[in-house]
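Spelled out from the first residue to the last, the chains are:
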Amino acid sequence: MLMKKLLSGIDVAPIFDEIDMNLWEKSLGAHNPITWKNTDGQIIINHEQAIWEPFKRYSGSLSEDMKDMFLPDFWPTENYFYYPQTHKFLLLFKKLFGGKLARAMYYHTLPKKGVGKHSDGARLSPEDVLTNMYYKKDRFSLVTSGEFMFTVDEETEHFKAGDLWWFANKLPHVHSSYNHGDISKTNLIFDVEGSHWRECE
(Lines give C-alpha, C1' and ligand atoms only; values in the text may rest on other atoms or scores of the structure.)
Protein backbone atom coordinates (compact mmCIF):
# COMPACT_ATOMS: atom_id res chain seq x y z
CA MET A 1 0.00 0.00 0.00
CA LEU A 2 1.52 3.29 -1.13
CA MET A 3 -1.48 5.59 -0.63
CA LYS A 4 -4.52 5.47 1.62
CA LYS A 5 -7.51 7.81 1.81
CA LEU A 6 -8.25 8.27 5.51
CA LEU A 7 -11.16 10.72 5.30
CA SER A 8 -13.28 12.33 2.60
CA GLY A 9 -15.96 14.99 2.55
CA ILE A 10 -14.18 17.19 5.10
CA ASP A 11 -15.57 20.73 5.17
CA VAL A 12 -12.41 22.49 4.04
CA ALA A 13 -14.07 25.77 3.03
CA PRO A 14 -13.29 27.49 6.38
CA ILE A 15 -9.69 26.24 6.16
CA PHE A 16 -9.20 27.42 2.59
CA ASP A 17 -10.95 30.76 3.16
CA GLU A 18 -8.45 31.78 5.85
CA ILE A 19 -5.35 31.10 3.71
CA ASP A 20 -3.54 34.36 3.02
CA MET A 21 -2.67 34.32 -0.67
CA ASN A 22 -0.05 37.02 -0.06
CA LEU A 23 2.09 34.67 2.01
CA TRP A 24 3.14 32.26 -0.72
CA GLU A 25 6.92 31.89 -0.76
CA LYS A 26 8.81 31.44 -4.01
CA SER A 27 11.61 29.65 -2.18
CA LEU A 28 10.53 26.19 -3.31
CA GLY A 29 11.66 26.86 -6.87
CA ALA A 30 14.93 28.31 -5.66
CA HIS A 31 15.51 25.18 -3.57
CA ASN A 32 14.90 22.81 -6.47
CA PRO A 33 14.05 24.61 -9.73
CA ILE A 34 13.24 21.43 -11.64
CA THR A 35 10.94 19.72 -9.15
CA TRP A 36 9.31 22.77 -7.55
CA LYS A 37 9.24 25.38 -10.31
CA ASN A 38 5.41 25.31 -10.52
CA THR A 39 4.57 25.27 -6.81
CA ASP A 40 4.69 27.84 -4.00
CA GLY A 41 4.59 27.15 -0.28
CA GLN A 42 3.74 28.50 3.15
CA ILE A 43 5.56 26.98 6.10
CA ILE A 44 3.25 26.28 9.04
CA ILE A 45 5.49 24.14 11.29
CA ASN A 46 9.24 24.00 10.87
CA HIS A 47 12.43 22.47 12.22
CA GLU A 48 14.57 24.91 14.18
CA GLN A 49 17.59 24.08 12.03
CA ALA A 50 15.84 24.82 8.73
CA ILE A 51 16.85 27.77 6.58
CA TRP A 52 13.60 29.60 7.36
CA GLU A 53 13.34 31.49 10.63
CA PRO A 54 11.50 29.28 13.16
CA PHE A 55 9.87 32.22 15.00
CA LYS A 56 10.76 30.69 18.34
CA ARG A 57 9.49 33.81 20.11
CA TYR A 58 6.06 32.16 20.03
CA SER A 59 7.19 28.92 21.63
CA GLY A 60 7.01 30.24 25.17
CA SER A 61 3.39 31.30 24.88
CA LEU A 62 1.68 28.31 23.28
CA SER A 63 -1.92 27.68 24.26
CA GLU A 64 -2.71 24.63 26.39
CA ASP A 65 -4.11 22.71 23.41
CA MET A 66 -0.84 23.23 21.52
CA LYS A 67 1.71 22.22 24.13
CA ASP A 68 1.56 18.49 23.39
CA MET A 69 1.14 18.76 19.60
CA PHE A 70 4.72 19.12 18.36
CA LEU A 71 7.79 16.95 18.36
CA PRO A 72 10.88 18.35 20.07
CA ASP A 73 12.75 20.78 17.80
CA PHE A 74 9.67 21.50 15.68
CA TRP A 75 7.93 24.81 16.12
CA PRO A 76 4.85 26.59 14.80
CA THR A 77 5.91 29.44 12.54
CA GLU A 78 4.39 32.88 12.50
CA ASN A 79 2.11 31.70 9.67
CA TYR A 80 0.57 29.06 11.94
CA PHE A 81 -0.96 31.68 14.18
CA TYR A 82 -2.83 33.23 11.25
CA TYR A 83 -4.72 29.98 10.69
CA PRO A 84 -7.04 28.94 13.55
CA GLN A 85 -9.08 26.67 11.25
CA THR A 86 -5.90 24.79 10.28
CA HIS A 87 -5.10 24.45 13.97
CA LYS A 88 -8.60 23.10 14.59
CA PHE A 89 -8.14 20.50 11.87
CA LEU A 90 -4.75 19.40 13.22
CA LEU A 91 -6.27 18.99 16.68
CA LEU A 92 -8.95 16.79 15.11
CA PHE A 93 -6.27 14.73 13.35
CA LYS A 94 -4.43 14.23 16.64
CA LYS A 95 -7.67 13.16 18.34
CA LEU A 96 -8.51 10.65 15.61
CA PHE A 97 -5.09 9.29 14.70
CA GLY A 98 -2.66 10.34 17.45
CA GLY A 99 0.99 11.24 17.10
CA LYS A 100 2.97 14.47 17.21
CA LEU A 101 3.46 16.98 14.43
CA ALA A 102 6.69 17.74 12.66
CA ARG A 103 7.00 19.96 9.59
CA ALA A 104 3.83 21.19 7.90
CA MET A 105 3.39 23.34 4.79
CA TYR A 106 0.68 24.60 2.50
CA TYR A 107 1.35 24.07 -1.21
CA HIS A 108 -0.21 25.95 -4.12
CA THR A 109 -0.04 24.73 -7.72
CA LEU A 110 -1.55 26.42 -10.77
CA PRO A 111 -3.83 24.58 -13.23
CA LYS A 112 -2.10 22.30 -15.74
CA LYS A 113 1.09 22.39 -13.67
CA GLY A 114 2.68 19.81 -11.44
CA VAL A 115 5.53 18.67 -9.22
CA GLY A 116 8.12 16.33 -10.69
CA LYS A 117 9.10 12.91 -9.39
CA HIS A 118 11.10 12.97 -6.19
CA SER A 119 11.58 11.18 -2.87
CA ASP A 120 11.85 13.18 0.33
CA GLY A 121 15.29 12.99 1.85
CA ALA A 122 16.72 11.33 -1.27
CA ARG A 123 19.77 13.59 -1.34
CA LEU A 124 20.79 12.81 2.23
CA SER A 125 23.83 10.79 3.16
CA PRO A 126 23.18 7.47 4.97
CA GLU A 127 24.43 9.08 8.18
CA ASP A 128 21.97 11.97 7.90
CA VAL A 129 18.91 9.84 7.13
CA LEU A 130 18.48 8.70 10.74
CA THR A 131 18.32 12.28 12.04
CA ASN A 132 16.38 13.80 9.16
CA MET A 133 12.95 15.31 9.75
CA TYR A 134 11.32 12.71 7.45
CA TYR A 135 12.66 9.65 9.26
CA LYS A 136 10.10 7.62 11.30
CA LYS A 137 7.31 9.98 10.28
CA ASP A 138 4.19 9.45 8.20
CA ARG A 139 3.26 11.96 5.49
CA PHE A 140 -0.30 13.20 5.08
CA SER A 141 -2.05 15.48 2.58
CA LEU A 142 -5.26 17.43 3.22
CA VAL A 143 -6.64 18.90 -0.02
CA THR A 144 -8.14 22.32 0.72
CA SER A 145 -9.05 23.40 -2.82
CA GLY A 146 -9.06 22.01 -6.35
CA GLU A 147 -8.09 18.52 -7.43
CA PHE A 148 -5.01 16.79 -8.77
CA MET A 149 -3.58 13.46 -9.80
CA PHE A 150 -1.04 12.06 -7.36
CA THR A 151 1.37 9.27 -8.23
CA VAL A 152 3.58 7.10 -6.02
CA ASP A 153 5.78 4.83 -8.11
CA GLU A 154 3.32 3.47 -10.71
CA GLU A 155 0.14 4.00 -8.68
CA THR A 156 -2.03 7.07 -9.36
CA GLU A 157 -4.98 8.39 -7.34
CA HIS A 158 -7.34 11.34 -7.73
CA PHE A 159 -6.95 13.75 -4.80
CA LYS A 160 -9.78 16.29 -4.40
CA ALA A 161 -10.89 18.97 -1.96
CA GLY A 162 -12.05 17.48 1.31
CA ASP A 163 -9.82 14.41 1.11
CA LEU A 164 -7.20 13.42 3.68
CA TRP A 165 -4.56 11.00 2.38
CA TRP A 166 -1.52 9.17 3.70
CA PHE A 167 1.19 8.39 1.16
CA ALA A 168 4.64 6.80 1.07
CA ASN A 169 7.03 9.72 0.62
CA LYS A 170 10.43 8.19 1.34
CA LEU A 171 12.88 6.02 -0.57
CA PRO A 172 12.65 3.66 -2.34
CA HIS A 173 9.39 5.28 -3.48
CA VAL A 174 9.07 8.39 -5.64
CA HIS A 175 6.02 10.62 -5.89
CA SER A 176 4.73 13.38 -8.15
CA SER A 177 1.56 15.38 -8.74
CA TYR A 178 -0.26 17.10 -11.59
CA ASN A 179 -3.07 19.64 -11.29
CA HIS A 180 -5.34 18.57 -14.13
CA GLY A 181 -8.18 20.83 -12.99
CA ASP A 182 -9.17 24.34 -14.04
CA ILE A 183 -8.42 26.07 -10.73
CA SER A 184 -5.36 26.27 -8.51
CA LYS A 185 -5.05 23.51 -5.97
CA THR A 186 -3.91 23.99 -2.41
CA ASN A 187 -3.10 21.25 0.05
CA LEU A 188 -1.69 20.95 3.53
CA ILE A 189 1.21 18.50 3.74
CA PHE A 190 2.26 17.47 7.23
CA ASP A 191 4.49 14.88 8.89
CA VAL A 192 3.47 13.02 12.05
CA GLU A 193 5.45 10.68 14.27
CA GLY A 194 3.71 8.00 16.30
CA SER A 195 0.35 8.14 14.55
CA HIS A 196 -1.86 5.04 14.85
CA TRP A 197 -3.76 5.67 11.61
CA ARG A 198 -3.11 2.12 10.40
CA GLU A 199 -5.04 0.78 13.38
CA CYS A 200 -8.11 2.84 12.44
CA GLU A 201 -8.85 0.99 9.21
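Residues numbered from 1 in each chain as written. Predicted model: local features only at pLDDT ≥ 70, side-chain atom pairs only at ≥ 80, totals over all residues. Heavy atoms only, no water.

### A look at the environment of H180
Thought 1: Secondary-structure assignment places H180 in the loop between β10 (175-178) and β11 (185-193).
Thought 2: A C-alpha to C-alpha distance of 9.9 Å links H180 and H158, two positions 22 residues apart in sequence. (Helix = DSSP H or I, 4+ residues; strand = E, 2+ residues; numbered from the N terminus.)

### Focus on the nonpolar core
Thought 1: In this structure, F140, L164 and F190 are the most contacted members of the largest nonpolar core, which totals 45 residues.
Thought 2: Those elements that provide at least two residues to this core are β1 (3-7), β2 (39-47), α3 (84-97), β4 (100-109), β6 (138-145), β7 (147-152), β9 (164-167) and β11.
Thought 3: Ranked by residues supplied to this core, first place goes to β4 with six residues.
Thought 4: Setting aside anything within four residues of it in sequence, one finds F140 in contact with L6, F93, L164, W165, W166, F167, L188, I189, F190, V192, S195 and W197. (Core = buried A, V, L, I, M, F, W, Y, C linked by side-chain atoms within 4.5 Å. Buried < 20%, exposed > 50% of the residue type's maximum accessible area, 1.4 Å probe, protein only. Contact = heavy atoms within 4.5 Å.)

### Here's the deal with the packing of aromatic side chains
Thought 1: A full pass over the atoms with the stated rule returns 15 aromatic pairs.
Thought 2: Centre to centre, the rings of F93 and F190 are 5.1 Å apart; their planes meet at 90 degrees, and the pair counts as edge-to-face. Here the residue F93 occupies a position in helix α3, and F190 occupies one in strand β11, the gap between them amounting to 97 residues. For the pair F93 and F190, a shared accessibility class is recorded, and that class is buried.
Thought 3: Among the aromatic side chains, those forming a connected cluster through ring pairs are F89, F93, F97, F140, W166, F190 and W197.
Thought 4: Across the ring face of F148, the terminal group of K185 is positioned such that the distance to the ring centre comes to 4.7 Å.
Thought 5: The ring of W166 is capped by R198, whose NZ or CZ atom sits 5.4 Å from the centre of that ring. (Phe/Tyr/Trp six-rings, centres within 6.5 Å; stacked < 30°, edge-to-face > 60°. Lys NZ or Arg CZ within 6 Å of the ring centre and 35° of its normal.)

### Description of the sheet that holds β1
Hydrogen bonds between backbone groups are what pair the strands of a sheet, and the pairing can be parallel or antiparallel.
Thought 1: The strand order β1-β9-β6-β11-β4-β2-β3 describes an open sheet built from seven strands, whose pairing is antiparallel. Two strands in the sheet have a free side with no partner beyond their single neighbour: β1 and β3 (74-76). For this sheet, the mean angle separating the axes of adjacent strands, direction not counted, is 30 degrees.
Thought 2: Note: β6 against β11, seven bridges, orientation antiparallel. If you follow S145 over to β11, its bridge partner there is T186.
Thought 3: In this fold α3 packs onto β1, β4, β6, β9 and β11, with an angle of close to 45 degrees to the strand it touches most, β11. (Pairing = 2+ DSSP bridges. Axes fitted to C-alpha atoms, helices over the stretch in contact; angles between N-to-C directions.)

### A word on the pairing of strand β8 (residues 155-160)
Thought 1: In terms of strand pairing, β7 meets β8 through six bridges, oriented antiparallel. Directly across from M149, in β8, lies its bridge partner H158.
Thought 2: Between β7 and β8, which follow one another and run antiparallel, lie two residues, and D153 among them has a positive phi close to 55 degrees.

### Let's talk about the pattern of salt bridges
Thought 1: Taken as a whole, this structure holds seven salt bridges when the rule is applied.
Thought 2: A salt bridge links D182 to K112, with the shortest nitrogen-to-oxygen separation between them at 3.2 Å. Of the two residues, D182 is situated in the loop between β10 and β11 and K112 in the loop between β4 and β5 (114-118); the sequence distance between them amounts to 70 residues.
Thought 3: Taking relative accessible area as the criterion, D182 reaches 70% and is therefore assigned exposed.
Thought 4: Overall, the relative accessible area of 41% leaves K112 in the partly exposed class.
Thought 5: With a shortest N-O distance of 3.5 Å, D138 and R198 are connected by a salt bridge. Within this pair, whereas D138 is found in strand β6, its partner R198 is found in the segment after β11, the two being separated by 60 residues in sequence. (Salt bridge = Lys/Arg side-chain N within 4 Å of Asp/Glu carboxyl O.)

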